[in-house]
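Summary of structural features
Given next are the chains, with one letter for each unit.
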Amino acid sequence: MFNTLNGDSNVAFFKEYKNAGLTAAAMPVVSVSIAEEEVGGVGVDNLVGQLTAWNYYQTIDSPANKAFVAAFKAKYGQARVTSDPMEAAYTSLFLWKAMVEKAKSFQTDDIRNAAAGVSHAAPEGTVTVNGENHHIAKTALIGKVAPDGLIYTVWSSGSPIEPDPFLRGYDWAKGLSG
Amino acid sequence: MTALASRLKGNQGVLLGFVLGALALLVVAPAMLSDFRLSLFGRFICYAIVAVGIGLAWGRGGMLILGQGVFFGLGGYVMAMHLKLADAGPSGVPDFMRLYGSGQLPIWWEPFRSPVLTLLGVVLIPSLVAFGLGAAIFRRRVRGAYFAILSQALAAAFAILLIGQVATIGGFNGLNGFRSFFGYNLFDPVNKRMLFYIAAVTLLVLLLIVWQLYRSRYGELLVAVRDQEERVRFLGYDPASIKLVAYVLAAAMAGIAGALFVPIVGIISPANVGVVASITFLIGVAIGGRATLFGPVLGALAVAGAQTTLSESFPSFWSYFQGALFVLVVAFLPGGLSSLGLLLRSQRVGVRTGHIEPPSPAQRVDVGRPPPPEPLSGVRSRSEAGR
Amino acid sequence: MQALLSQLFAGLSLGSVLLLAALGLSLTFGQMGVINMAHGEFMMAGAYTAFMVQGAIADAGISLLLAIPLGFLVGGVMGVILEATLIHRMYHRPLDTLLVTWGVALILQQAARDIFGAPNVEVRAPGWLSGSIDLGVTQVPAARLFILALAVTAVVGLSLLLRTTPLGRRIRGVVQNRDLAETVGVCTRSTDRLTFFIGSGLAGIAGVALTLLGSTGPTLGTNYIVDAFLVVVAGGVAQIKGAVIAAFGLGLLQATFEYSTTASIAKVLVFVVIVVFLQIRPQGIFSLRTRSLA
């Protein structure tokens, strides 16, 4: 099952999924909006073994991430968890800072022109801004929800994937992209 | 401004209010504010335009309209559809439709390629919806709480409808990413300033119209319907049509405000039209004085300004503050801040106009046909001021 | 046949959720004329009560059964506080109560955000309520069956209370003729307060029940409040049976429309049906006959 639900609907969805007698072994669900923060709200019991697709998990084993998670917990409490959207917001500020430093200006247009190729060693790994469309090249991950409520990587693209927001690189999308 | 207006009796005071308002909006604000703040102020003016309509229907007409977001949204979406089509080119299709849908333009989008039909639609579509709904509801004498709840349910239904239609109207994300406004580049600061002037002038013109309405026979009838609907009926008037006019006008104003909101803010989404957005329009009106001419406008501007200032520095405090405003103003100062002066003055001479009569038993029981709205403190003196 | 039955059950289940949410309102709005927009936040308080009880008692089954009376108490006490501080000043201004209680709702929501955090919290369902029960022809989720039973129990309990107890007699007396009730020695102040306690307490129970179906978060109440008011409006004020018929009617209607269209279109269609219905019966299904004009 490929689940694109957002927000609270996920809670009702996974409760009914369990009530219908389905399990992750019988019919696994890949979700694109369930991060560590949401696992608590949906209930770990309702999610164990399910898959998610993101670019970051709290369990990523790197010095940059360990420092990020430790600093986050020190500020917001040991019980809190980090998630991909948090990490993305955190990283974007550093990217902006790098652009400002490269442009040596706070003007929007100058920053925009300086964006191409700006790179940052984020908790998720190195990310780089694409000069053509201003999306960033990131590493894709698929993770599995564990009983401790955290998500562990089960597959990784290995290296950052160049952004293709307008679906130019896919045969099936021919005619869709303008 | 309002206090001053009520002190200078008659038209002079109101005219002075208009002159001061025009000066503040058209001269002082553009000179003092940065481009960013001016655009923010333009957004507040859109809310103020909605507030003028609410003041008419709620303050003068006694109809608690909790669904103005619907008409705001209808006007806004009509404008947004036109801007999307204009950006896409003569035979183009808006970008999101290719991403989420079939890439085919639905037939009901076609009329909004035309700028003329769009401008007509901004006013006429909200008016027609309000007319249809209002005619049905008022004719059957559904009013009071029932009317309020139905209007709120309308807002909920409308937002849900929009969220469900990703492929044809943008769903939860709404419509955004407009590049031009009737041929003018929306990224150009000069054009952004022009939008502010358009909004400000629209607000002043609509206020003038409403002022003339308040001074007319119709304005008197509307207040009469609010205070004693049955008596007006016995006198041979039709309260349903009197209320309908105010409801439709309020809807049209909300539609115009929504259409201005779209190019100024750059997005319209279900969050701007739903239950919460709709009821938020009311607080400024209640604070400013729902039955006054300038009160709703000043209240709406003040609340929007306070929201921006407070939530910039204390994000969670704003919710408490907004909640407390609703509680304190509506429970203890139903005439709004503009009644404060009158209240104090009357207390000094020992007469409390703010006092409200205790309810009669029949009024307490019968919810379906609720009691006539209580006289608002200071309403009369203000309607005299507007004469 | 099976599709029809499962659709029928979906409608009944939705109806029972609506009924639980609207039952307290039919007391406070229907009988007392107070439009309490914070009713949804009392539901939220009930849901958080279930969460707190589960924090203290790990067994999901016991904590759920314990949370139901506690949720009633929490909702009821909050209701009484609201009545005593604000609402009793405004019985003659029903429309303004709507705005005042909306303000209270905003404050309560933000308080929940500050106390429990903005994300949803987890309330575990007991083992005997997860999974489905096989009814031979179709399978129904146990949790939904439990909520249906809870709603029916609440209705029966409330009707018994109104019909057979002295308190119920006082409440009906005050609703029918406040002055006369006062003349014969009924303390209308305390009756009002008790009625409000029961109505708000029912919201607390509804909140506990909703943790079995959906998310438990600060906005839980806002998701249901509009629908709950529509049920009371369509059902007509002054009688519990109006709310019961309207809740199940709207639930079945919504489920039927959903089957043939989409959930969002169904919602709009239900709204249209209510507006058309009010054309025929402006006072809802049941109304109290009065001779007053205003």
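A short tour of the structure in this document, coming up. (Residues numbered from 1 in each chain as written. Chains lettered and ligands numbered in written order. Predicted model: local features only at pLDDT ≥ 70, side-chain atom pairs only at ≥ 80, totals over all residues.)

Quick look at the overall build of chain A
Each helix and strand in chain A was counted, giving 6 helices and 8 strands. When the helices and strands of chain A are read in sequence order from the N terminus, they spell out β-α-β-α-α-β-α-α-α-β-β-β-β-β. Projecting the C-alpha coordinates of chain A onto the three principal axes gives extents of approximately 60 × 50 × 30 Å. Every one of the 178 residues in chain A was classed for burial, and the buried ones make up 28%. (Helix = DSSP H or I, 4+ residues; strand = E, 2+ residues; numbered from the N terminus. Buried ≥ 20, exposed ≤ 12 C-beta atoms within 10 Å, placed from the backbone.)

A few points about the interface of chain C and chain A
Across the boundary between the two partners, chain C contributes 14 residues, which contact 14 residues of chain A. A breakdown of the residues in the side of chain C that touches chain A according to their chemical character gives 5 nonpolar, 7 polar and 2 charged. (Contact = placed C-beta atoms within 7 Å. Nonpolar A, V, L, I, M, F, W, Y, C, P; charged D, E, K, R; others polar.)

Considering the pairing of strand β8 (residues 151-156) of chain A
Residue and element names in this part refer to chain A. Sheet topology places strand β7 (residues 141-145) next to β8; 5 bridges connect them, and they run antiparallel. The residue bridging V145 from the neighbouring strand is I151, located in β8. Here β7 folds back onto β8 in antiparallel fashion, the turn holding 5 residues, of which G149 has a positive phi close to 90°. (Pairing = 2+ DSSP bridges.)

Brief notes about the sheet that holds strand β6 (residues 136-137) of chain A
Residue and element names in this part refer to chain A. Sheet architecture is open: 3 strands sit in the order β4-β5-β6, paired in antiparallel fashion. Two strands in the sheet have a free side with no partner beyond their single neighbour: β4 (119-122) and β6. Examined bridge by bridge, strand β5 (residues 125-129) and β6 share 2 bridges and lie antiparallel to one another. When the sheet's bridge partners are listed, T128 is paired in β6 with A137.

Let's talk about helix α9 (residues 222-235) of chain C
In this model α9 of chain C runs 21 Å from its N-terminal to its C-terminal C-alpha over 14 residues, within 8% of the 20 Å that 1.5 Å per residue would give. Most of α9 of chain C sits inside the fold, with 12 of its 14 residues counted as buried. Restricting attention to buried positions, one finds in α9 of chain C the residues Y224, I225, V226, D227, A228, F229, L230, V231, V232, V233, A234 and G235 of chain C. On its buried face, α9 of chain C is in contact with α7 (144-164) and α13 (275-288) of chain B together with α1 (2-31), α2 (39-56), α10 (240-260) and α11 (263-280) of chain C. G236 of chain C lies just past α9 of chain C and shows a positive phi near 90°. (Expected span 1.5 Å × (residues − 1).)

Side note on the sheet that holds β7 of chain A
Residues and elements named next belong to chain A. Taken in spatial order, the 5 strands of this open sheet run β1-β2-β3-β7-β8, and their pairing is mixed. Either end of the sheet is taken by a strand with one partner, and the two such strands are β1 (2-3) and β8. Here 2 bridges tie β1 to strand β2 (residues 30-31), and the two strands are oriented parallel to one another. Looking at the pairing, F2 lines up with V30 of β2.

Any functional reading would require information beyond the geometric quantities listed.
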